[in-house]
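So the chains spell out like this:
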Amino acid sequence: MKAMPTATVPEVRRHFIGGRWFEETGKTRPLRNPATGMVHGRLALGGEAEVEAAVRAARAALEGPWGRMTLAARCDLLDKVADQLLERLEDLVAAEVGDTGKPAHEARSWELPRAAANFRAFAALARSRADEVFRMRSADGLEVMNTVLRAPIGVVGLIVPWNLPLLLLTFKAAPALAMGNVIIAKPSEETPTTACLLAEIMAEAGLPDGVFNVVHGLGAGGAGEALVRHPEVRAIAFTGESATGRSIMATASHGLKALSFELGGKNAAIVLEDADLEAAVAGTARSAFLNTGQVCLCTERVYVARPLYETFVARLAEEASRWVPGDPWQLGTRLGPVISEGQRERIRRYAALAAESGTVRAGGVVPVMSEGLEGGWWFAPTVWTDLGEDHPCVREEVFGPVCHVAPFDTEEDALKMANASPYGLAGVVWTRDLERAMRVSRRLEAGLTWVNSWYLRDLRTPFGGVKASGIGREGGVWSLDFFSETRTICVPWDES
Ligand code: NAD
Ligand code: 6OD
């Protein structure tokens, strides 16, 4: 294996509170590189004390120059953060690849540039958004002007997962800052490093101390729970598992705080009989295996019109073999490891269940890896068929490089199966008939549906899921709304 460059990060990933690295006095835990299984640093484990310190620092920032800064000045700072993210792209790539094992060229070509794009997009949107004015005449003839202003909420907590660590953190941090809030970020305990670099970049770009704080640690019983529990944290924007969302909602209910939830999925693709078969095969492979299937939008269920079914399955299995796992620093590598040993064990248990009840068309095993990578958490891209719709591999989110393919006879049957899920995040429809594409897409119970494509993002659009996949929407003005409080000022006057 090629030597992996390491980012300019210290051995211990420390909390960043009030503009400084917090001297760690508590426990730490080892961080392992998923591609090799080797320890590559340690994580400071924060809790109530660190969250309390971060809240104090954040409140002080809100009462200082940050609280008086104009929206235009804040957005100029966000543009600077975007510039510096791009300047330090290689450090960020090394950090993200070290934490996740994902192919470096994936991190470099789209995921980390998206972090910079998040800052630019939300700065532009916030700058150009006008406040609303509603005019009316009162019963006694007065002219009335209602001005709707947007004010920051105050201290907001951002809790994010490990699959796209910096992309997902910045997707929340950028609109929260644009609207004038102060942040306490809680990255995943598996992938803390890019959040540390982001803190450094924010400080270099000139954000005042205390505006962006990072507290590391575990979720339940750790920094995550302490953040949700803190009475002065007025809102929590969370991305992660649906079960975690339930637990956060229960904790947050004591303090009645605003919640935005981007949760799990069990996303379906529907391949209609008039689809471009080759495009549907390549597109489905990408939507199932990108980031080793660890994108909340990944397709785990594929419903294919019966006349195409056998050819589709054979071609998808062939295509799966092209997603070769390997050294993340090698240019041709398309597949990284899964995030942790625990996650790989979960996937193996699902694979064993699928092998018992259905047919394994591709993968289903731990691949043999080259020297240096044998200790990593690898799993081969996997295609299953012949499982019942109530099988755990078809009902439950696996969050790995796996999908199940089933045939259907009518559009109605396809929709019925696709919608028979507790989740409703993302869908894909493959067809050459645009009318049909619209008809099926509108009936798919999903917050996001792509036609003949997947994960094409316009950052002005709403992002989020229905049913167990989420509550609320982020993206575009939806994020700006979540991260602000509207205040209506009503001014009547007598024109005469
Ligand atoms: P997770 O829910 O286990 O953890 C996410 C974050 O929440 C971590 O930072 C964790 O420490 C923290 N956390 C865990 N329990 C907590 C608690 N009780 N209180 C406060 N914080 C807590 O999720 P994960 O395993 O890191 O990520 C994978 C999951 O995330 C999948 O289900 C995937 O579908 C989902 N996801 C959804 C989206 C989306 O936009 N809908 C995006 C990415 C990932
Ligand atoms: O692209 C985005 O804005 C976004 N929130 C992606 C989420 C991917 C889930 O893993």
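Residues numbered from 1 in each chain as written. Chains lettered and ligands numbered in written order. Predicted model: local features only at pLDDT ≥ 70, side-chain atom pairs only at ≥ 80, totals over all residues. Heavy atoms only, no water.

Chemist: In this structure, what is going on with the site of ligand 2? I would like to understand it.
Modeler: In the vicinity of ligand 2, the contacting residues are Arg114, Asn163, Leu164, Leu167, Leu168, Phe171, Val295, Cys296, Tyr455, Arg457 and Phe463. With respect to ligand 2, the side chain of Arg114 contributes an N or O atom lying 2.8 Å from an oxygen atom. The side chain of Arg457 places a nitrogen or oxygen atom 2.8 Å from an oxygen atom of ligand 2. Taking 310 Å² as the accessible area of ligand 2 by itself, protein coverage stands at 98%. For the shell around ligand 2, the element with the highest residue contribution is helix α6 (residues 165-178), accounting for three residues. Its residues assigned to classes, the shell around ligand 2 comprises eight nonpolar, one polar and two charged. (Near = heavy atom within 4 Å. Polar contact = N/O pair within 3.5 Å; in protein donor to acceptor, adjacent residues only side chain to side chain. Areas by Shrake-Rupley, 256 points an atom, 1.4 Å probe, with all protein chains shown as cover. Helix = DSSP H or I, 4+ residues; strand = E, 2+ residues; numbered from the N terminus. Nonpolar A, V, L, I, M, F, W, Y, C, P; charged D, E, K, R; others polar.)

Chemist: Honestly, the site of ligand 1 in this entry has me stumped. Any pointers?
Modeler: Around ligand 1 sit 30 residues in total, of which Lys186, Glu189, Thr244, Leu263 and Glu397 are the nearest. One of the side-chain nitrogen or oxygen atoms of Glu189 is found 2.6 Å away from an oxygen atom of ligand 1. Here an oxygen atom of ligand 1 sits 3.4 Å away from a polar atom, N or O, in the main chain of Gly219. Comparing atom positions with the cavity grids shows ligand 1 to sit within the largest pocket. Where the shell around ligand 1 is concerned, the elements lending two or more residues are α8 (223-229), β11 (233-239) and α9 (242-252). Element by element, the count of residues in the shell around ligand 1 is highest for α9, at three residues. (1 Å grid on protein atoms, 1.4 Å probe; cavity = no way out; pocket = protein on both sides within 12 Å on 5 of 7 lines; lining within 4 Å. Sits in = over half its atoms within 2 Å of the grid points.)

Chemist: Mind showing me how you'd approach the packing of helix α3 (residues 71-87) against α6 here?
Modeler: For any two helices packed against each other, one specifies the inter-axial angle together with the distance between the axes. Where α3 meets α6, the axes come as close as 9 Å, and the angle between the chain directions of the two elements is 160 degrees. Here α6 runs roughly antiparallel to α3, going by the angle between their axes. Contact with α3, carried on its side by Leu71, Arg74, Cys75, Leu78 and Leu85, involves Leu166, Ala174, Leu177 and Ala178 of α6 and no other residues of that element. By residue class, the composition of the contact of α3 with α6 is eight nonpolar, no polar and one charged. (Axes fitted to C-alpha atoms, helices over the stretch in contact; angles between N-to-C directions. Parallel < 35°, antiparallel > 145°, perpendicular 65-115°, else oblique. Contact = heavy atoms within 4.5 Å.)

Chemist: Explain the sheet that holds strand β16 (residues 382-385) to me, please; I cannot follow it from the model alone.
Modeler: Read across the sheet, seven strands follow the order β15-β16-β17-β14-β13-β19-β20 without closing on themselves; strand pairing throughout is mixed. The strands lining the two open edges of the sheet, one partner per strand, are β15 (359-362) and β20 (448-451). Looking at each pair of strands side by side, their axes are set apart by 25 degrees on average, direction ignored. Note: strand β19 (residues 426-430) against β20, four bridges, orientation parallel. Note that in β20 the partner of Gly427 across the bridge is Thr449. Along the sheet face, helix α12 (residues 341-357) touches β15, β16 and β17 (402-408) and points at about 35 degrees away from the line of β16. This element, helix α14 (residues 411-419), spans β13 (267-271), β14 (299-305) and β17 of the sheet and lies at about 150 degrees to β17. (Pairing = 2+ DSSP bridges.)

Chemist: Looking at this structure, how should I read helix α5 (residues 104-128)?
Modeler: One full turn of an α-helix is made of 3.6 residues, so residues set three or four places apart face in the same direction. Between its terminal C-alpha atoms α5 stretches 35 Å, which fits the 36 Å expected from 25 residues at 1.5 Å a residue. Of all the bends found along α5, the most pronounced is centred on Arg114 and spans about 35 degrees. (Expected span 1.5 Å × (residues − 1). Bend = angle between axes of the 7 residues up to and from the residue.)

Chemist: How should I be thinking about empty space enclosed by the protein in this particular structure?
Modeler: One simple way to see leftover space: roll a probe sized like a water molecule over the atoms. With the rule as written, the count across this model stands at five cavities of 30 Å³ or more. By volume, the largest cavity is sized at about 120 Å³. If you trace the largest cavity, you find 15 residues lining it, with Lys102, Asn291, Thr292, Gln294 and Pro337 closest to the centre. For the lining of the largest cavity, the class distribution of residues is five nonpolar, seven polar and three charged. (Points joined across faces, edges and corners; volume = space filled by probe spheres on them.)

Chemist: I'm lost on unusual backbone geometry in this one. Help?
Modeler: Keep in mind that most residues, glycine aside, have a negative phi and that most peptide bonds are trans. Phi is positive for Asn291, which is not a glycine, with a value near 55 degrees. Tracing the backbone through its elements, the reader meets Asn291 in the loop between α10 (277-289) and β14. For Asn291, a relative accessible area of 11% translates into the label buried. In this structure, Asn452 is a non-glycine residue whose phi angle is positive, near 50 degrees. Inspection of the secondary structure assignment puts Asn452 in the loop between β20 and β21 (466-467). Classification of Asn452 by relative accessible area gives partly exposed; the value is 38%. (Buried < 20%, exposed > 50% of the residue type's maximum accessible area, 1.4 Å probe, protein only.)

Chemist: When you look at the side chain of Asn419 in this model, what are you seeing that I'm missing?
Modeler: Following the sequence through the fold, Asn419 ends up in helix α14. Accessibility expressed as a relative area gives 16% for Asn419, which makes it buried. Residue contacts for Asn419: discarding those within four places in its chain leaves Arg443, Leu444, Glu445 and Lys467.

Chemist: Explain the pattern of salt bridges here, please?
Modeler: When the charged atoms of two side chains lie near each other, side chains of opposite charge can form a pair. Taken as a whole and judged by the stated rule, the model has 36 salt bridges. For Glu319, the salt bridge identified is with Arg322, shortest N-O distance 2.9 Å. Of the residues examined, Arg322 reaches a relative accessible area of 44% and is grouped as partly exposed. For Glu412, the salt bridge goes to Arg443, with nearest N and O atoms at 2.7 Å. Within this pair, whereas Glu412 is found in helix α14, its partner Arg443 is found in helix α15 (residues 434-443), the two being separated by 31 residues in sequence. With relative accessibility at 40%, the residue Arg443 sits in the partly exposed group. If you follow the salt bridges from partner to partner, you end up with Glu52, Arg56, Arg59, Glu63 and Glu232 in one network. (Salt bridge = Lys/Arg side-chain N within 4 Å of Asp/Glu carboxyl O.)

Chemist: Explain the packing of aromatic side chains here, please?
Modeler: To describe a pair of aromatic rings, you give the distance between the ring centres and the angle between the ring planes. Applying the stated criterion to the full structure yields ten aromatic pairs. Arranged with centres 4.9 Å apart and planes meeting at 65 degrees, the rings of Phe16 and Trp21 form a pair that is edge-to-face. What makes Trp21 partly exposed here is its relative accessible area of 35%. A centroid spacing of 5.8 Å and a plane angle of 80 degrees characterise the contact between Phe238 and Phe261, whose relative ring orientation is edge-to-face. You can see Phe238 sitting in strand β11 and its partner Phe261 sitting in strand β12 (residues 258-262), a full 23 residues away along the chain. On the accessibility criterion, Phe238 (4% relative accessible area) is buried. (Phe/Tyr/Trp six-rings, centres within 6.5 Å; stacked < 30°, edge-to-face > 60°.)

Chemist: What is the right way to look at the layout of surface pockets in this model?
Modeler: In this structure, the largest pocket occupies an estimated 950 Å³ of space. Lining the largest pocket are 46 residues, and of these Pro161, Phe238, Gly240, Glu241 and Thr244 lie nearest its centre. The dominant element in the lining of the largest pocket, judged by the number of residues it contributes, is α9, at seven residues. The residue inventory of the lining of the largest pocket, partitioned by class, reads 20 nonpolar, 13 polar and 13 charged.

Note that every value here comes from positions in space, so none of it alone points to a role or purpose.
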